[in-house]
Amino acid sequence: MSKAANMLSTAWTTLRSDALNTGTWRSAIPTYRYCPSPCHQACPVNNDIPAWIDGIEKGELHGAWLKLAVNNPFPSITGRVCHHPCESYCNRGQYDEKISIRMLERYLGDLSLERGWSFPAVDVAKKERVAIIGGGPAGLSAAYHLRLEGYTVEIYEARQKLGGLLRYGIPAYRLPKEVLDREIDRLLELGIEVHTDVAINTPGEYDRLQKEYDALFISTGAQRSRKLAQFEDSSGIIQDGLDYLYKVNSGQAPGLGQKVLVIGGGNTAIDTARSAKRLGADQVMIIYRRTEEEMPSQKSEILEAGEEGILFTFLASPVRIEKENGVQKLVCQKMQLGENDSSGRPRPEPIKDAYLSFEADSMIMALGSDIVMPKIGNGLEIQDSVLKVDGKQETSIKNVFAGGDLTSNIRFVSTAMGAGKKAAQQMAQLFGGNTVQGSSDLETVSFEEINTFYFPRNPAVVSGSFQLVVSDRIKNFEEVQLGISEEQAIGEATRCFNCGFCTVCDNCYYFCPDMAIARNSGEDGPNYTVLDQYCKGCGLCVRECPRGAIVLKEESK
Amino acid sequence: MISKGDTMLLTGNHAAAYGAMLAQPKVIPIYPITPQTPIAEKLTEFQLEGLLQAEFITPESEHSAMAACISASLTGVRVFTATSSQGLMLMHELLHFASGSRAPIVMVNANRTFAAPWGFWADQTDSLAQRDTGWLQYYVENPQEALDTVLQAFKTAETVLLPAMVVFEAFYVSHALEVVGVPTPETVKSYLPPYEPKVMLDPEIGRSFGNVVDQKTYCQHRQTLDLAMEEVFDVAKNADDQWKGLTGRGYGLVEKYRCEDAENIIMAMGTISGTAKSAVDKMRAEGLSIGLLKVRLFRPFPVQELRGILGGRDRVIVLDRNFSPGNGGILHQELKAALYGLKSAPEIFGYLAGVGGVNVTPEKIEGLVKQSLSGQSSAKSIWGW
Amino acid sequence: MKHYEIAEERVFLPGHAACPGCAMALALRYILNTVGLNAVGVIPPSCMGPMMGANPYSSMRIPIIHNSFESSASTAAGIKRAFKARGKDDVHVLALAGDGGTYDIGLQALSSVAEHNEDIMYFCMDNEGYMNTGTQKSSSTPRHAYTTSTPGGKESRKKNLVEIMAAHRVPYIATTNIGYLDDLVYKIKKAKKMQGTRIVVLLTPCIDGWGFPGNDVATMSRLAVQTGVFPLYEVEDGEKYTINHGSQGMPIENYLKRQRRYRHLSKDQIEEIQKEVDQGWQRLQKLANL
Ligand SMILES: Cc1cc2nc3c(=O)[nH]c(=O)nc-3n(C[C@H](O)[C@H](O)[C@H](O)COP(=O)(O)OP(=O)(O)OC[C@H]3O[C@@H](n4cnc5c(N)ncnc54)[C@H](O)[C@@H]3O)c2cc1C
Ligand SMILES: Cc1ncc(C[n+]2csc(CCOP(=O)(O)OP(=O)(O)O)c2C)c(N)n1
Ligand code: SF4
Ligand code: SF4
Ligand code: SF4
Ligand SMILES: [Mg+2]
């Protein structure tokens with residue numbers, strides 16, 4: 001070959017473009033971030049919902065349960081009775097139907113019981129000791145989180161068994177005792193000493209506990225039923241709802257006759273009515289002074305009660321009891337709705353001279369309850385008729401924390417558990433060990449950040465469609481709502497957007513026209529890095545992330 | 001040792017086809033046009049007879065044919081094609097592309113007038129209009145030279161990595177039957193090594209061709225092209241010499257006929273040089289000191305050799321069967337430029353002879369020579385029929 | 001969730017000069033990385049020119065020839081035949097041309113190659129205009145679209161390349177785009193396994209030429225499908241039509257209103273386009289025997 005032919009022709013390439021730096025074109029760079037989902041933020045225990053739902057979707061069920069258990073030791077319980085505020089905030093609700101988060105939670109909880117999964121063993125021992133007074137959901141949740149951190153925890157419970165209203169309030173047809181027992185037992189396996197039948201009532205007892213323990217958590221609930229002034233001395237005729245449910249739940253329910261009136265509109269009223277029906281009452285009627293709209297109990301329960309033949313009379317307020325020829329009658333005044341009151345609900349106002357009366361064999365008051373102030377020290381304060389605590393669940397007495405119904409008028413199982421968790425977190429911090437996962441005040445992922453292309457529209461797994469038939473249900477205290485199958489659970493999990501939670505779907509990696517996203521295999525699974533040298537900042541990865549787990553951040557150069 | 005091979009009666013087209021067949025190209029993209037068509041036909045015959053194993057591509061146009069020539073050549077195989085006139089014009093863009101690609105394609109072009117108006121006659125303007133495209137251009141005179149030059153063109157082109165055109169005139173060569181010595185395949189094998197470029201399009205090499213370059217690189221690229229063209233003189237000369245050694249037939253880059261002491265030189269390309277030889281003989285017999293210089297390699301233009309030969313002569317009479325409107329005969333122009341500044345330069349006379357395929361007889365040539373002897377040379381080419 | 005799992009060979013490299021967020025670059029990634037390293041490509045002048053790199057750099061690990069504008073198909077055929085002659089018939093040869101290089105100036109060469117059923121894969125990166133030269137119209141530019149050579153909106157409709165090529169009865173033609181990466185990769189894989197002339201037309205929305213935000217190429221690609229402007233389908237042997245993703249009855253306005261090139265449209269013009277799109281969609285369904 002000639003000299004010229006041997007000279008490397010200048011029109012052939014010799015180098016590769018990956019030696020070049022297109023990163024200099026950029027004015028913004030994608031950044032992987034933790035961004036809470038609205039469901040997570042709405043959950044009182046800050047359940048990491050998108051994370052464990054992702055686990056279900058991927059069929060990693062044990063891992064999913066473990067992730068769930070980080071914040072919630074009782075998924076079988078909350079999966080049945082939680083008021084599920086998470087679902088109200090679910091982004092998918094803006095698309096077709098919200099995710100049945102609670103059903104999924106129950107699915108995982110039940111699965112864990114069925115398979116006998118235990119919590120990870122506590123592998124640290126810390127010297128601090130905490131006494132918990134009251135073994136309801138608030139106390140148990142606090143115990144759980146403290147114990148997981150290695151603290152010694154002892155529970156003092158006035159009743160024979162733990163559980164609080166989970167056991168003595170909520171009837172078995174909504175929360176089977178077996179489920180309750182097994183979740184509590186599993187918790188206790190972590191090594192928690194329990195003193196049942198021990199009520200802490202006196203200043204002396206509190207004194208002792210304060211001396212013996214590094215901190216206290218008081219979660220004695222709201223035990224004192226409210227009464228109506230006009231019926232103050234009708235105790236022989238009128239029974240107390242909470243007391244009735246306690247007896248029902250302890251297998252000592254009294255007979256109520258054929259016609260039963262229940263006064264009130266909350267959980268207690270409905271559960272009382274439904275229990276009475278199951279125990280043989282022919283005609284059970286709930287009397288409520290507002291309308292169905294304002295009833296504080298969960299909608300599904302009102303629905304189920306209706307299905308079971310419970311009657312409702314709205315806009316009626318009891319005034320007196322009349323007795324005629326041995327027949328008892330409750331006379332009520334008719335009401336109408338007025339302006340909103342401080343609770344944000346319309347105030348019921350009596351309609352002059354308009355009355356109704358109902359015959360009754362038994363009458364039960366279910367009007368809610370008030371707290372009994374713990375007799376500890378003398379600095380405790382009451383606010384809005386509950387014990388006052390600060391944002392960290394700490395009372396005005398040092399190292400004395402409190403939570404649950406005792407400190408809040410928002411009375412739900414998960415709220416109580418959230419308070420227990422928060423208190424545990426604060427105590428751990430106090431003891432210098434804070435690792436309990438807290439909530440964040442970050443902005444949540446909005447629906448607009450979801451790329452819905454990746455989520456074909458399809459309806460939710462509706463819980464109502466798995467109930468026992470009514471005729472069977474009113475015969476006994478068998479659980480009414482059934483759970484869902486694995487297939488259904490995975491189907492429902494697949495619907496979840498996993499807002500803000502990187503599911504390692506690889507979309508960002510796949511959609512980069514500049515190959516500027518590296519997929520790495522990290523210790524806890526794959527993760528991604530943006531290659532600074534190449535990324536041009538187009539934002540396509542951000543746009544194609546189905547769930548808002550990356551954002552584009554302006555760069556100043 | 002000289003090997004005679006076979007002797008056959010062949011047209012220029014078929015002789016070229018024999019040359020191509022003996023070179024055993026691997027890919028032949030080709031599109032028919034009068035008067036080149038018999039080349040394509042002969043090659044497909046060879047293929048049928050098993051004398052040739054090539055990939056034939058018969059695309060929809062010469063443009064696509066040349067595109068396939070370039071890419072096939074860059075993929076590392078020997079490529080041959082042939083065209084004429086309109087077809088060559090249609091290829092124009094890609095002729096540049098081919099040389100820029102340093103693709104040693106060999107193409108036969110049968111010189112033919114181009115439209116408008118339509119005609120099918122011998123005229124070299126079609127190929128001369130491609131003189132700036134970076135192709136080697138050989139102008140040959142008869143079927144034997146066509147066959148020999150196709151093989152020499154492959155050897156030269158593949159050595160310097162430039163494409164080469166072998167050009168002859170429509171009908172006068174393409175369809176003229178003559179006795180042609182056809183070398184044996186062994187002879188050709190010993191002469192023409194297989195084409196094995198170092199760089200080519202191949203996944204195992206992984207280098208790309210033709211990406212955008214900056215001004216400086218472009219300029220450099222053009223300079224190496226120049227360098228390659230410069231090397232052609234030696235390489236082509238060697239190729240010719242070697243061929244002569246093998247077959248007894250050599251032509252030189254320019255062919256001198258009775259030039260030794262000639263004061264007057266006729267200069268031409270293609271068949272007119274053949275005719276001119278008899279004119280020279282006649283005029284010599286009449287006592288005129290005259291010879292013929294046939295330019296065989298027109299690109300690169302053998303400037304140094306021409307200056308050497310023509311320095312000290314009285315007169316050069318250039319006969320152009322081509323026409324560049326506005327500046328006359330192309331060989332005439334080129335020669336003037338080539339001899340510029342030469343101390344003992346001859347006077348140069350340019351005649352447009354045979355444009356459009358008009359027959360140029362020995363008498364005609366004699367007449368033009370005589371005209372030059374009595375007249376003043378002019379810068380402009382003169383229509384001499 | 002819809003989940004991609006795409007195996008890639010690393011052929012297309014970062015450091016290329018495509019606009020940020022370019023659909024064509026993303027499409028190239030999947031074409032090249034799916035076809036793999038045993039391939040040679042042909043790229044004519046088009047937006048892919050800058051993407052292939054400025055000498056001496058190449059963004060592609062397979063050899064590419066940056067050929068002349070009008071001859072991609074024939075250039076590819078030349079390469080394939082040369083490999084055949086060299087006994088390396090397993091090398092895949094790809095042509096990657098723009099719509100200008102395909103619908104317009106390169107159609108003649110493509111037609112010939114298709115008629116010969118040359119063994120190449122031909123990819124048309126359809127951004128509906130001459131974008132590399134500054135947004136002039138091509139015969140792929142849709143009716144009423146603004147380009148610098150149709151400042152009042154283009155008066156004629158878009159050419160139907162697929163039907164033209166289907167009439168050649170080539171073994172495989174498909175349309176696809178990067179909004180449906182799985183579909184895109186599926187079709188390239190399928191084409192790769194076949195022989196003869198295989199043609200894939202990819203709609204590659206152009207950020208600058210169409211006028212929409214730089215992170216929107218996938219969305220725009222999907223809208224084109226969901227509105228029925230650019231259904232994703234396959235034609236085998238010129239006869240068997242299969243629709244993979246088609247119109248979801250979404251009004252054309254959803255697509256048009258996001259693009260600057262349609263900013264000037266009147267209500268009547270939108271309706272006219274809607275009608276044409278509907279007709280096209282119905283026609284396609286008929287061809288697919290639906
Ligand atoms: C009938 C009914 C149904 C309900 N249904 C639902 C529902 O479906 N979903 C929902 O979210 N919420 C429901 N609630 C509300 C929910 O049960 C409570 O908000 C929640 O149980 C509060 O938890 P806690 O731990 O604060 O109190 P509790 O559950 O009341 O537990 C307090 C515990 O402290 C013990 N204790 C009290 N005093 C002492 C003492 N002096 N010393 C030692 N121990 C003491 C009690 O025996 C009890 O075990 C329902 C409530 C009722 C009454
Ligand atoms: C023969 C020829 N005419 C014109 C051009 C100029 N030119 C280069 S690219 C181009 C337009 C390319 O359009 P298209 O094929 O659609 O590719 P895009 O730039 O849109 O990717 C034109 C007209 C050229 N290179 N060659
Ligand atoms: S879609 Fe999933 S992650 Fe998002 S809010 Fe709903 S449940 Fe939570
Ligand atoms: S696109 Fe997928 S992998 Fe990437 S950040 Fe979002 S969820 Fe994670
Ligand atoms: S897609 Fe790639 S180039 Fe664009 S912002 Fe994301 S990482 Fe950067
Ligand atoms: Mg284009």
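Since the model is a prediction, treat every value here as computed from it, not as a measurement.

Parameters and conventions
- One numbering rule holds for all chains: residues counted from 1, following each sequence as written.
- Here chains are named by letter from A upward and ligands by number from 1 upward, in the order in which they appear as written.
- A pLDDT threshold of at least 70 governs which residues receive local features in this predicted model, and a stricter bar of 80 or more applies before side-chain atom pairs are shown or counted, although totals over entire chains, interfaces and linings include all residues.
- As a convention, hydrogens and water are excluded, and side-chain values are obtained from all of the structure's heavy atoms.
- Only strands that DSSP links by at least two bridges are regarded as paired with each other.
- Secondary structure elements follow DSSP: runs of H or I of four or more residues count as helices, runs of E of two or more count as strands, with numbering from the N terminus.
- Axis definition: a line fitted to C-alpha atoms, over the contacting stretch in the case of helices. Angles run 0 to 180 degrees between N-to-C directions.
- Any pair of residues with heavy atoms lying within 4.5 Å of one another is described as a contacting pair.
- Metal-coordinating donors are taken as N, O and S atoms lying within 2.8 Å of the metal, or within 3.2 Å when the metal is Na, K or Ca; because water is left out, some sites can appear incomplete.
- A 1.4 Å probe rolled over the protein chains alone gives each residue an accessible area, and that area as a share of the maximum for its type sets the label: buried under 20%, exposed over 50%, partly exposed in between.
- As used here, buried area is the combined drop in accessible area, with a 1.4 Å probe, of two parts when they are placed together.
- Whenever Lys or Arg places a side-chain nitrogen within 4 Å of a carboxyl oxygen from Asp or Glu, that contact is recorded as a salt bridge.
- In the analysis that follows, any N or O atom pair within 3.5 Å is treated as a polar contact, provided that within protein one partner can donate a hydrogen and the other can accept it, and provided that, for residues neighboring in sequence, both atoms belong to side chains.
- Three classes are used, and their members are as follows: Ala, Val, Leu, Ile, Met, Phe, Trp, Tyr, Cys and Pro are nonpolar, Asp, Glu, Lys and Arg are charged, and the others, Gly among them, are polar.
- Expected helix span is taken as 1.5 Å per residue step, with the number of steps being one fewer than the number of residues.
- Arc definition: it is the arc formed by the directions from the helix axis to the C-beta atoms.
- Space inside and on the surface of the protein is sampled on a 1 Å grid over the protein atoms alone, with a cavity defined as a set of points where a 1.4 Å probe fits but cannot get out and a pocket as an open set with protein on both sides within 12 Å along at least 5 of 7 lines; lining residues have an atom within 4 Å of a point.
- Grid points are joined across faces, edges and corners, and a volume is the space filled by probe spheres set on the points.
- Domain segmentation is taken from an automatic or database assignment of domains.

## Quick notes on the sheet that holds strand 3 (residues 129-133) of chain A
Residue and element names in this part refer to chain A.
Phase 1 of the analysis: Strands sit in the order 5-4-3-6-19 across an open sheet of 5 strands; the sheet is parallel. Sheet topology places strand 5 (193-195) and strand 19 (400-402) at the edges, where each strand pairs with a single neighbour. The average undirected angle you get between the axes of adjacent strands in this sheet is 20 degrees.
Phase 2 of the analysis: Helix 8 (residues 137-148) contacts strand 3, strand 4 (152-156) and strand 6 (215-218) of the sheet and is inclined by roughly 165 degrees relative to strand 4.

## A closer look at the coordination of the magnesium ion (ligand 6)
Residues and elements named next belong to chain C.
Phase 1 of the analysis: Looking at the magnesium ion (ligand 6), one finds its protein donor set to be Asp99 (OD), Asn127 (OD1) and Gly129 (O), positioned 1.9 to 2.1 Å from the metal centre.
Phase 2 of the analysis: Expressed as a motif, the donor residue spacing for the magnesium ion (ligand 6) is D-x27-N-x1-G. You can see Asp99 sitting in the loop between strand 4 (92-98) and helix 4 (100-104) and its partner Gly129 sitting in the loop between strand 5 (121-126) and helix 6 (161-166), a full 30 residues away along the chain. Gly129 matches Asp99 in its accessibility class, with the two residues each being buried.

## Section: the environment of Leu292(B)
Residues and elements named next belong to chain B.
Phase 1 of the analysis: Note on placement: Leu292 falls in strand 11 (residues 290-295).
Phase 2 of the analysis: The exposure class assigned to Leu292 is buried, which follows from its relative accessible area of 1%.
Phase 3 of the analysis: Taking C-alpha positions, Leu292 is 8.9 Å from Ala262, a pair spaced 30 residues apart along the chain.
Phase 4 of the analysis: If sequence neighbours within four positions are ignored, Leu292 has contacts with Glu255, Lys256, Tyr257, Cys259, Ile265, Ile266, Ser273, Ala276, Lys277 and Val280.

## Regarding the interface of chain A and chain C
Phase 1 of the analysis: Listed as interface residues are 38 residues of chain A and, on the opposing side, 42 residues of chain C.
Phase 2 of the analysis: Of the roughly 3,400 Å² buried between chain A and chain C, counting both surfaces, carbon and sulfur atoms make up 59%.
Phase 3 of the analysis: Of all residues in chain A, Phe453(A), Tyr510(A) and Met515(A) give up the largest surface area on contact with chain C, accounting jointly for 22% of the area buried on that side.
Phase 4 of the analysis: At the boundary of chain A with chain C, the tally comes to 3 salt bridges.
Phase 5 of the analysis: Salt-bridge contacts for Arg222(C) lead to Glu544(A); the nearest nitrogen and oxygen are separated by 2.8 Å.
Phase 6 of the analysis: Taken together, chain A and chain C are joined by 19 residue pairs in polar contact (both at pLDDT 80 or more).
Phase 7 of the analysis: Sorting the residues of the side of chain A that touches chain C by element identifies strand 1 (15-16), helix 18 (507-511) and helix 19 (540-544) of chain A as the ones contributing at least two each.
Phase 8 of the analysis: Of all the elements, helix 18 of chain A adds the most residues to the side of chain A that touches chain C, at 4 residues.
Phase 9 of the analysis: A class-by-class count of the residues in the side of chain A that touches chain C yields 21 nonpolar, 9 polar and 8 charged.
Phase 10 of the analysis: Two elements, strand 1 of chain A and strand 2 (residues 57-58) of chain C, share 2 bridges in a ladder whose sense is parallel. Residue pairing for strand 2 of chain C: Arg16(A) is matched across the bridge by Ser58(C).

## Regarding the pairing of strand 20 (residues 517-522) of chain A
Residues and elements named next belong to chain A.
Phase 1 of the analysis: Bridge analysis of strand 20 against strand 21 (residues 525-530) gives 6 bridges, and the strand direction is antiparallel. Paired with Ala518 across the two strands is Thr529, which belongs to strand 21.
Phase 2 of the analysis: Taken together, strand 20 and the strand that follows it, strand 21, pair antiparallel across an intervening segment of 2 residues.

## Quick look at the side chain of Ser71(C)
Phase 1 of the analysis: Positionally, Ser71(C) belongs in the loop between strand 3 (64-66) and helix 3 (72-85).
Phase 2 of the analysis: Here the side chain of Ser71(C) touches Ser68(C) through a polar contact of 2.4 Å, side chain to side chain.
Phase 3 of the analysis: The contact partners of Ser71(C), leaving out residues within four places of it in the chain, are His63(B), Ala67(B) and Ala109(C).

## Examining helix 12 (residues 362-374) of chain B
All names here are of chain B.
Phase 1 of the analysis: Along its 13 residues, helix 12 runs 19 Å from first to last C-alpha, staying within 8% of the 18 Å computed at 1.5 Å per residue.
Phase 2 of the analysis: For helix 12, the set of buried residues is Ile365, Glu366, Leu368, Val369 and Ser372. Across the axial projection of helix 12, the buried residues extend over an arc of 165 degrees, all falling on one side. Those residues of helix 12 that are exposed and aimed more than 90 degrees away from the buried face are Glu363 and Ser374.

## Considerations on empty space enclosed by the protein
Residues and elements named next belong to chain A.
Phase 1 of the analysis: Counted according to the given criterion, the structure contains 8 cavities of 30 Å³ or more.
Phase 2 of the analysis: A volume near 140 Å³ is recorded for the largest cavity.
Phase 3 of the analysis: What lines the largest cavity is a set of 13 residues, among which Arg80, Arg102, Arg174, Glu304 and Gln481 lie closest to the centre.
Phase 4 of the analysis: Every element with two or more residues in the lining of the largest cavity is listed here: helix 5 (75-81), helix 7 (101-115) and helix 14 (299-307).

## Brief notes about the domain arrangement of chain A
Residue and element names in this part refer to chain A.
Phase 1 of the analysis: Split into domains, chain A comes out as domain 1 (3-34 + 501-554), domain 2 (38-119 + 442-494), domain 3 (129-223 + 371-430) and domain 4 (226-368).
Phase 2 of the analysis: For domain 2 versus domain 3, the distance between C-alpha centres works out to 26 Å.
Phase 3 of the analysis: The interface is formed by 29 residues belonging to domain 2 together with 27 residues belonging to domain 3.
Phase 4 of the analysis: Of all residues in domain 2, Phe74, Leu113 and Phe119 bury the most surface against domain 3, accounting for 28% of the area lost on that side.
Phase 5 of the analysis: On the surface where domain 2 and domain 3 come into contact, there are 0 salt bridges.
Phase 6 of the analysis: At the boundary of domain 2 and domain 3, one finds 11 residue pairs in polar contact (both at pLDDT 80 or more).

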